[in-house]
Amino acid sequence: MGTPQGVDARFFAEPILAIETSCDETATAIVHGRRVLASFVASQVEMHRKWGGVVPEAAARAHLEALLPLIAEALASCPQVSAVAVTNRPGLVGALSTGLTAAKALAWSRKLPLVGVHHLEGHLLSPFALDAPPPLPHLSLVVSGGHTELVLVRDLGDYALLAETLDDAAGEALDKGARLLGLGYPGGRAIQEAAASGDPRRYKLPRALRGEPAFSFAGLKTAMLRLVEKEGSSISVADAAASLQAAVVDSLSEKAVAAIEREGARALSLVGGVAANLALRERLARECARLGVELFVPPVELCTDNAAMIGIAGSFRLASGQRAAYDLDAFGAAELPRPPR
Ligand code: KG4
Ligand code: ZN
């Protein structure tokens, strides 16, 4: 399939700087149109590891230290940017405010347009960095530490929520499972690595809400806790990790397949941090091949949090004429973004 007709014209024609500080990655990028020219990420993982999770106040302070050097690095790679895009929702408000303040200062001092970006729109539009981007409309499975959703991308900026989690996100279940198994934080990648030598059928774990257009992972977290309590030191970490990964992959792919069939979708994109998971990528590739549906998965560095995807979404918003005022606010929670007016 070729590049969808005219899609390039829907992105901003000049290079922009993008900033992302919504959670525990400080990131900057330079994006031109839908193309990523440079992307920089400073992870706070090492710092949060000792607490077993993200501590919001510590995250905000770490963004403060990491952000200016990363902005300097991005601007060194492309000194002449024409706009600034920044994540302003949803996320940890203290963390978001750090990026927002830097973005406003830079936009003001250089007299550049500013645009606020919804973090999920960043994930949703991340596959548009691919040489051959997904067609419009398409279906998207968004799986991260905070979100598990099936979204119909009717058009750029026009999203319909088809299914969401009733409780925890898929990434949260993996992170919690990893903590229980002593694999540390963040858990998704550690679970994937431990699972590589494990038996996914060894331990029975639940697949919640089978056949329903909604996700739930709270029961899986509790089942993992019970399993670890019951097995004690005799537990096989590899088998438990493989069983947990299989439960998450089964739930995600079964519901994605059901949505493809319900919607008659011809293309699926897989985005968000959990989309870095190899077992999930392989399973969805098989399912999509069987259904004759095209699968679009960004490279791993565009799946986990980054500013390149924020630049792509910002580039689309700027091309649509959207501009933010200097009183642009940060929001902890936010609905899916709406089409530009
Ligand atoms: O999108 P993301 O970086 O941040 C949020 O917006 O939440 O997603 C983070 C989530 C974490 O739960 C992390 O454990 C998970 O993505 N993750 C993975 C892998 N790499 C990151 N999960 C499974 N397998 C991976 N390889
Ligand atoms: Zn994210």
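My aim in this report is to walk through the structure given alongside it, one point at a time. (Residues numbered from 1 in each chain as written. Chains lettered and ligands numbered in written order. Predicted model: local features only at pLDDT ≥ 70, side-chain atom pairs only at ≥ 80, totals over all residues. Heavy atoms only, no water.)

1. Some remarks on the sheet that holds strand 2 (residues 25-32)
Next up, step 1: With mixed pairing, 5 strands are arranged side by side in an open sheet as 3-2-1-4-5. In the strand order of this sheet, the two ends are held by strand 3 (35-43) and strand 5 (114-118), each with one partner. Ignoring which end each strand starts from, the neighbouring axes of this sheet average 25° apart.
Next up, step 2: Inspection of the sheet shows strand 1 (residues 15-20) paired to strand 4 (residues 84-89) by 3 bridges, in the parallel sense. Paired with L17 across the strands is V84, a residue of strand 4.
Next up, step 3: Strands in contact with helix 3 (residues 93-110) are strand 1, strand 4 and strand 5; relative to strand 4, the strand with the most contacts, it is inclined by about 155°.
Next up, step 4: Here helix 11 (residues 308-319) sits on the sheet and contacts strand 1, strand 2, strand 3, strand 4 and strand 5; the angle it forms with strand 1, its principal contact strand, is near 125°. (Pairing = 2+ DSSP bridges. Helix = DSSP H or I, 4+ residues; strand = E, 2+ residues; numbered from the N terminus. Axes fitted to C-alpha atoms, helices over the stretch in contact; angles between N-to-C directions. Contact = heavy atoms within 4.5 Å.)

2. So, the environment of A42
Next up, step 1: With respect to the helices and strands, A42 occurs in strand 3.
Next up, step 2: Given the relative accessible area of 24%, A42 is considered partly exposed.
Next up, step 3: Linking A42 and H63, residues 21 residues apart in sequence, is a C-alpha distance of 8.8 Å.
Next up, step 4: For A42, the residues in contact, after removing those within four places along its chain, are D24, E25, T26, A66 and L70. (Buried < 20%, exposed > 50% of the residue type's maximum accessible area, 1.4 Å probe, protein only.)

3. Overview of the sheet that holds strand 9 (residues 267-271)
Next up, step 1: One open sheet holds the 5 strands; their spatial order is 8-7-6-9-10, and the pairing between them is mixed. Either end of the sheet is taken by a strand with one partner, and the two such strands are strand 8 (158-164) and strand 10 (294-296). The mean angle between the axes of side-by-side strands here comes to 25°, regardless of whether they run parallel or antiparallel.
Next up, step 2: Pairing between strand 6 (residues 138-143) and strand 7 (residues 148-155): 6 bridges, direction antiparallel. When the bridges of strand 7 are listed, L139 appears paired with L152.
Next up, step 3: Those strands touched by helix 9 (residues 278-291) are strand 6, strand 9 and strand 10, and its axis lies near 175° from that of strand 9.

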